[in-house]
Amino acid sequence: MSFDDLHKATERAVIQAVDQICDDFEVTPEKLDELTAYFIEQMEKGLAPPKEGHTLASDKGLPMIPAFVTGSPNGTERGVLLAADLGGTNFRICSVNLHGDHTFSMEQMKSKIPDDLLDDENVTSDDLFGFLARRTLAFMKKYHPDELAKGKDANPMRLGFTFSYPVDQTSLNSGTLIRWTKGFRIADTVGKDVVQLYQEQLRAQGMPMVKVVALTNDTVGTYLSHCYTSDNTDSMTSGEISEPVIGCIFGTGTNGCYMEEINKITKLPQELRDKLIKEGKTHMIINVEWGSFDNELKHLPTTKYDVVIDQKLSTNPGFHLFEKRVSGMFLGEVLRNILVDLHSQGLLLQQYRTKEQLPRHLTTPFQLSSEVLSHIEIDDSTGLRETELSLLQSLRLPTTPTERVQIQKLVRAISRRSAYLAAVPLAAILIKTNALNKRYHGEVEIGCDGSVVEYYPGFRSMLRHALALSPLGAEGERKVHLKIAKDGSGVGAALCALVA
Ligand code: BGC
């Protein structure tokens, strides 16, 4: 075989291999039906009392955690409250002023979580919560020095704590960590009450005036802040035109919450349900923790790359398997694993003879960020120059034009699978709550936050496309309004603190 023939044969083999992978990433309408039906089944199971001997930590089903929030704000709430937000790569502390007219103002301080708190296995809860308390102290010094100076004599300042990890919530201001996600691995926090841990460190740092009165998840915050900021009444008809029904995050992690009828949350003790209903409460927010959908892999599409990422590379093997196919933390990791595999099969990046010779960034887990994929996704430059630059800058990886065409196909298959799967929980919740058949025209709003839904090019259109292919159908999809609800964690936590 001549060199040219050999080259052509390799190129054909690459195309064949890439097309096969893209096929494996396809989510068909039939799959959407199957997943949506299974999601509804799992939601129902998660609302019922657990089987004997099962706990949220041991169970592989949907956690469906009652959030102890029983009402939605209407935008008239007022007050100045503190909010702290730990959820991904940053810790944020804010002072939120709710103006009572759907608007708010906010002062905030954001700090990157130091890498050693994420990577080092010897880190303890005191290290992490000590860091949060020190950042809170810096914030108080800058924005509330008078209160700080008064010490014990100050009027307590109410703080809402957005803690965006699975927590077994026991009341509005207490909950124990079920397990870490998104990279944390501090073993001694698991099973502990995160409000107590934070409050103790605040005390230790001389802040008795800061009282953590509410604990919330970022999805709950997104839902509440969306309710607060959206003026969803139509002045022309003086009727409500659409109702917020879901709060969701598609960012580093993924998750959502919705309002469920208290009567249906049968895992809440009967006395508590009776008491709430007597008080006139009918609904409670459920934090679905949908990252953990189908941890048993009965229906989720699974490729060999998903298995390696979960079992060998993630910090929580066997859990959050839906998140590992959908969220921003994993999109780049899926591509990285595919590229290394195609290289090992002699199909791509053949200028490197062995795996050891590949650029270190390409062989290091979680070094390829979803931001790089977002550049490749929409690259229409000649010879895919943007892609070339992006891969050079992020991974120091040179590529040929033909390789880049294949890489772009892979990127699009990965993001499409993510967006199609993202439609499943939304369709399932809308069907389960019958939201599209209620009220005037059944229009619904979904408050969304997170880097993927906000910035990944085409993500929202692909998600909508999948909603139309799902059991909701095109007619149902048209009634769904996806609204970006920015800053949910801060405003939502403040709203929680207000009612606590
Ligand atoms: C966590 C959720 C959180 C989501 C989005 C997931 O990894 O388990 O609690 O809401 O990320 O931040």
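Residues numbered from 1 in each chain as written. Predicted model: local features only at pLDDT ≥ 70, side-chain atom pairs only at ≥ 80, totals over all residues. Heavy atoms only, no water.

Asks: Residue-level account of the overall build of the chain, with values.
Replies: Counting its secondary structure elements, the chain contains 19 helices and 15 strands. A compact globule built from 500 residues should have a C-alpha radius of gyration of about 23 Å, and the chain, at 24 Å, falls within 12% of that. When the backbone C-alpha atoms are referred to their principal axes, the chain occupies close to 85 × 50 × 50 Å. Taken across its 500 residues, the chain has 56% of its residues classed as buried. Taking as baseline every contact in the chain between residues at least 6 positions apart, the subset at least 24 positions apart corresponds to 73%. On the chain, roughly 21,500 Å² of surface is accessible, and the fraction owed to carbon and sulfur atoms is 50%. Counting 54 positive and 65 negative side-chain charges, the chain places the averaged centre of each group 2 Å from the other. (Helix = DSSP H or I, 4+ residues; strand = E, 2+ residues; numbered from the N terminus. Rg over C-alpha atoms; globule rule 2.2 N^0.38 Å. Buried < 20%, exposed > 50% of the residue type's maximum accessible area, 1.4 Å probe, protein only. Contact = heavy atoms within 4.5 Å. Areas by Shrake-Rupley, 256 points an atom, 1.4 Å probe, with all protein chains shown as cover. Lys, Arg positive; Asp, Glu negative; His and termini not counted. Charge placed at Lys NZ, Arg CZ, Asp CG, Glu CD.)

Asks: Kindly report on the packing of aromatic side chains, identifying the contributing residues and their values.
Replies: Under the definition given, this model contains 14 aromatic pairs. Look at Phe139 and Tyr143: their rings are 4.8 Å apart centre to centre, the planes differ by 40°, and that puts the pair in the tilted class. A residue pair is termed a helical-turn pair when its members lie 3 or 4 positions apart in one helix, as Phe139 and Tyr143 do in helix H4 (residues 125-143) at 4 residues. With relative accessibility at 0%, the residue Phe139 sits in the buried group. Overall, the relative accessible area of 26% leaves Tyr143 in the partly exposed class. Pairwise contacts between aromatic rings join Phe161, Phe163, Tyr165, Trp180, Phe184 and Tyr198 into one cluster. A cation over an aromatic ring shows up here: Arg179 above the ring of Phe319, its NZ or CZ 3.6 Å from the ring centre. Positioned over the ring face of Tyr165 is Lys182, at 4.7 Å from the centre of the ring. (Phe/Tyr/Trp six-rings, centres within 6.5 Å; stacked < 30°, edge-to-face > 60°. Lys NZ or Arg CZ within 6 Å of the ring centre and 35° of its normal.)

Asks: Kindly report on unusual backbone geometry, identifying the contributing residues and their values.
Replies: In this structure, Phe68 is a non-glycine residue whose phi angle is positive, near 60°. Along the chain, Phe68 turns up in the loop between strand S1 (65-66) and strand S2 (78-86). Of note, the phi angle at Leu384 is positive, near 50°, even though the residue is not glycine. With respect to the helices, strands and loops of the structure, Leu384 is situated in the loop between helix H13 (370-377) and helix H14 (385-395).

Asks: For the UniProt feature "domain: Hexokinase N-terminal" (unreviewed entry) in the chain, give the residues involved together with the corresponding values.
Replies: Summarizing the sequence annotation, UniProt attributes the feature "domain: Hexokinase N-terminal" (unreviewed entry) to residues 18-228 in the numbering used throughout. Helix and strand shares over residues 18-228 are 37% and 25% respectively, and the end C-alpha atoms of the span are 46 Å apart. (UniProt positions renumbered as here; feature names shortened; annotations may be inferred.)

Asks: Lay out a negative patch on the surface in plain terms, naming residues and giving numbers.
Replies: Residues Asp116, Asp119, Asp120, Asp126, Asp127 and Glu200 make up a contiguous surface patch of negative charge. Mapped by element, the contributors of at least two residues to the negative patch are helix H3 (115-119) and H4. Structurally, Asp119 can be placed in helix H3. A relative accessible area of 52% places Asp119 in the exposed class. (Patch = residues over 30% accessible without salt bridge, like charges linked within 9 Å, V, L, I, M, F, W, Y side chains within 5 Å. Salt bridge = Lys/Arg side-chain N within 4 Å of Asp/Glu carboxyl O.)

Asks: I'd like to hear about the packing of helix H9 (residues 304-313) against helix H11 (residues 328-344), residue by residue, with values.
Replies: Where H9 contacts H11, the two axes come as close as 10 Å, and the packing angle between them is 110°. Accordingly, the angle class assigned to the pair H9 and H11 is roughly perpendicular. Taken as a pair, H9 and H11 cross one another with a handedness that is right-handed. Note on element contacts: H11 touches H9 through Phe330, Glu333, Val334, Arg336, Asn337, Ile338 and Asp341, opposite Lys304, Tyr305, Val308, Ile309 and Leu313. Split into classes, the residues belonging to the contact of H9 with H11 amount to 7 nonpolar, 1 polar and 4 charged. (Axes fitted to C-alpha atoms, helices over the stretch in contact; angles between N-to-C directions. Parallel < 35°, antiparallel > 145°, perpendicular 65-115°, else oblique. Left-handed = near helix turned anticlockwise from the far one by under 90°. Nonpolar A, V, L, I, M, F, W, Y, C, P; charged D, E, K, R; others polar.)

Asks: An account of the nonpolar core is needed here, citing residue identities and associated values.
Replies: In terms of nonpolar packing, the biggest core is built from 114 residues, with Ile246, Phe250 and Trp290 touching the most fellow members. For this core, the leading source of residues is helix H15 (residues 401-432), giving 16 residues. When residues no more than four places from it in sequence are discounted, the contact partners of Ile246 are Tyr223, Cys257, Tyr258, Trp290, Leu426, Ile429, Leu430, Glu445, Ile446 and Gly447. Membership of the second largest hydrophobic core comes to 40 residues, among which are Phe139, Trp180, Val194 and Val195. (Core = buried A, V, L, I, M, F, W, Y, C linked by side-chain atoms within 4.5 Å.)

Asks: Kindly report on the site of the ligand, identifying the contributing residues and their values.
Replies: Lining the immediate environment of the ligand, one finds 15 residues, of which Thr181, Lys182, Asn217, Asp218 and Glu289 sit closest. One nitrogen or oxygen atom from the side chain of His320 is found 2.9 Å from an oxygen atom belonging to the ligand. Tallied by class, residues from the shell around the ligand come to 3 nonpolar, 8 polar and 4 charged. (Near = heavy atom within 4 Å. Polar contact = N/O pair within 3.5 Å; in protein donor to acceptor, adjacent residues only side chain to side chain.)

Asks: How would you explain H9 if you had to name every residue and give the values?
Replies: All of the buried residues in H9 are Tyr305, Asp306, Ile309 and Asp310. Buried residues of H9, seen end-on, are gathered within an arc of 130° and therefore sit on one face of the element. As for H9, its buried residues are in contact with helix H1 (3-24), helix H10 (323-326), H11 and H15. (Arc of directions from axis to C-beta.)

Asks: Mind laying out the confidence of the model for the chain, listing which residues take part and the relevant values?
Replies: Scored by pLDDT, the chain has a mean of 93; 97% of the residues are at 70 or more. Predicted confidence for residues 234-240 stays below pLDDT 50, and this span has 7 contacts to residues more than four positions away or in other chains. (pLDDT = per-residue confidence, 0-100.)

Asks: Break down the pattern of salt bridges for me, citing the residues and quoting the values.
Replies: Counted under the stated rule, the structure contains 21 salt bridges. Across the pair Glu279 and Lys281 runs a salt bridge, and its minimum N-O distance is 3.1 Å. What makes Glu279 partly exposed here is its relative accessible area of 43%. Notably, a salt bridge pairs Lys483 with Glu445, separated by 3.6 Å at the nearest N-O pair. Taken together, the residues Lys483 in strand S15 (residues 480-484) and Glu445 in strand S14 (residues 444-449) connect sequence positions 38 residues apart. Residue classification places Lys483 among the partly exposed residues on the basis of a relative accessible area of 34%.

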